[in-house]
Structures are given as structure tokens and as C-alpha cells.
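Here is how the chains run, residue by residue.
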Amino acid sequence: MDTPKAAAWVVRKIIKAREDVNQMRPGQNSLISTLENLVKQGKFQIHKAYVQMQPQFPKVTWKSLHLHTHIHPRFKFHLWLAIHQRLATVDRLMKFGIQAPLECVFCATNMETFEHLYFGCPKTNKLWDRVLKSLGITRQIGSWKTELNWLSRLASRKNCKAEMTTAIFTMVVYCIWHERNSIRFNKGGYNMDEICKEIAKHIHIQGRKKTKWQIELESLNNFP
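Residues numbered from 1 in each chain as written. Predicted model: local features only at pLDDT ≥ 70, side-chain atom pairs only at ≥ 80, totals over all residues. Heavy atoms only, no water.

## Focus on a nonpolar patch on the surface
The test is simple: For patch detection, residues must exceed 30% relative accessible area and be free of salt bridges, and they are connected within 9 Å for like charges or within 5 Å for nonpolar side chains (Val, Leu, Ile, Met, Phe, Trp, Tyr). Only the protein chains shown count as cover for residues, and all accessible areas are computed by the Shrake-Rupley method using a 1.4 Å probe. Each salt bridge in this description consists of a side-chain nitrogen of Lys or Arg and a carboxyl oxygen of Asp or Glu lying within 4 Å of one another. Only DSSP runs of H or I with at least four residues qualify as helices, and only runs of E with at least two residues qualify as strands; both kinds are numbered from the N terminus onward. The buried label goes to any residue with under 20% of its type's maximum accessible area, the exposed label to any with over 50%, and the partly exposed label to all in between, with areas taken from a 1.4 Å probe on protein chains only.
Together, Leu35, Val39, Phe44 and Ile46 make up an exposed nonpolar region whose accessible area comes to about 360 Å². Here Leu35 is to be found in helix 2 (residues 31–36). Here Leu35 falls in the partly exposed class, since its relative accessible area comes to 33%.

## Things to note about the nonpolar core
In summary, soluble globular proteins display a tendency toward joint burial of nonpolar side chains. Quick note on the threshold: Buried Ala, Val, Leu, Ile, Met, Phe, Trp, Tyr and Cys residues that are joined via side-chain atoms within 4.5 Å together make up what is termed a nonpolar core. In what follows, a contact means two residues having at least one pair of non-hydrogen atoms within 4.5 Å.
Core analysis: the largest hydrophobic core is formed by 50 residues, its most contacted members being Tyr118, Trp128, Trp144 and Phe169. Counting residues per element, the ones that place at least two in this core are helix 5 (73–83), helix 7 (114–120), helix 8 (122–134), helix 9 (144–155), helix 10 (160–186) and helix 11 (192–207). Residue contributions to this core peak at 14 residues, all from helix 10. Residues contacting Trp144, with those up to four places away along its chain left out, are Leu79, Ala82, Ile83, Gln85, Phe114, Glu115, Tyr118, Phe119, Phe169 and Val173.

## Brief notes about the packing of helix 10 against helix 11
Basically, it comes down to this: Axis angles are defined between N-to-C directions and span 0 to 180 degrees, where every axis is a line fitted to C-alpha atoms and, for a helix, only to the segment in contact. By the definition adopted for this analysis, an angle is roughly parallel if under 35 degrees, roughly antiparallel if over 145, roughly perpendicular if from 65 to 115, and oblique otherwise. Crossing chirality is assigned from the near helix's rotation relative to the far helix, an anticlockwise turn below a right angle marking it left-handed and a clockwise turn marking it right-handed. Any residue outside Ala, Val, Leu, Ile, Met, Phe, Trp, Tyr, Cys, Pro, Asp, Glu, Lys and Arg is labelled polar, Gly included; the first ten of those are nonpolar and the last four are charged.
Interaxial distance between helix 10 and helix 11 falls to 10 Å at its minimum, and their mutual angle equals 140°. Here helix 10 is positioned oblique relative to helix 11, judged by the angle of their axes. Helix-helix and strand crossings are classified by hand; for helix 10 and helix 11 the assignment is right-handed. Across the interface between the two elements, Met164, Ala167, Ile168, Met171, Val172, Cys175 and Glu179 of helix 10 pack against Ile195, Ile199, His202, Ile203 and Gln206 of helix 11. Within the contact of helix 10 with helix 11, the residues separate by chemical class into nine nonpolar, two polar and one charged.

## Re the side chain of Arg180
Relative to the elements of secondary structure, Arg180 occurs in helix 10. Aside from chain neighbours lying at most four places away, what touches Arg180 is Ala88, Thr89, Val90, Val105, Phe106, Glu112, Leu117 and Phe185.

Everything listed here is a matter of coordinates, which is why it stays silent on function.
Structure below.
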């Protein structure tokens, strides 16, 4: 239905809304049945209508991990880049024509790629394994995708061990990249003990604000 040019703005809005509702009609449902689905206890639910009008995309598996409330904003931003593999690793720099030393700064034997940097390298793999064992978790460390899927499932749980493990994972992901940059650009050295100490300090500081973490933190008095 064409909108009359001389129509008042209210009429134009009503006609436009009719078009939007028509687009929301699933299958062969009538306009009346579509509107009835948006009514609850005799009241029209504008929220339902808004959600129905938005494009529907498949949910990502890592949603519960990235939206976790116990992750520091700095680590959360870095995790977002890591999940989308947008970190400037050597293999990615080469695609843009930027030349850089190819070797991984941790093991110096393999080319630095995202998959190698995150748990494909023996040094970063051992770091993550060591931190997990300090939490009482023993498992075979897999690829980045394997660890991401495991943490995404763990992040949906509400117990304190799961919350702490989720928060620590994001710290480890950030620390690996931070150490990589320090070694590559500032000629720094890799000290796994110091990284573990920093992670332990941060989780204890963060845990002071969370009452239900206290029992678990008492068992983490020693550094990993």
C-alpha cells in the first residue's frame, strides 16, 4: 500500500508499521494471528515486536565466555580479538606485505601463527597446563578451538571454580600476547614463573570482591 504524500506523519507511521508487521509474518500466518502472538495478558508487548523485527542470526558458541561478568574489560577486549583471530601474528602480517622475523619468540623453532601461539607452542601449552593444574584441573591441552569450546561450556556454569577458571583463561590469553610483544619488540625474556605470579596476584585481587570465591582462593595461597 502506497503512502499518500499528503498524509499526516502519524498516518505514514501507521502504514509503515503495517509493512513491518507483514514482514514478521511467519509462513502463511494471518496478520491477526501475528499480532496476537505479541500480546500477553491483554497487553501488547513492544519488546516482542522489536525482537521479531530484528534479523535472526545463529548464536555463537562462545557467547557465555565473552559475556562473562567476571572478566576484566581489558582482557575481554583482547579475547574478542583472539576469538576472531584478528591479532597481528606474523602469518597475518605477511598477508599485508609486512616483513617480520618468522620464528615464534617462545620456542624459536616454528613459524608464528595464531594456532601455534595459542597452545600449539610447547611453552604456551605448558603455561596453560600449569595454571590449570594449580586450580586442580588436569586435562590434555588441545588446540585453540578445543580450549575455546571447553571454556565456552564451562563459562555457562555458576559455581566459583568455573568462574575463576574462565577469568584466568582470559588472563592467560592476554599474558601470552603481552609477553610475545615484550620479547619481540623490547628484547624482553620469557619467565613462566613471573607470569604465573602475576596471574595469581590478579585473581586474588579480583576475588576480594567476590564472597563465594574465598574458599577456593584459600587453596590457592601458593603460586602455580
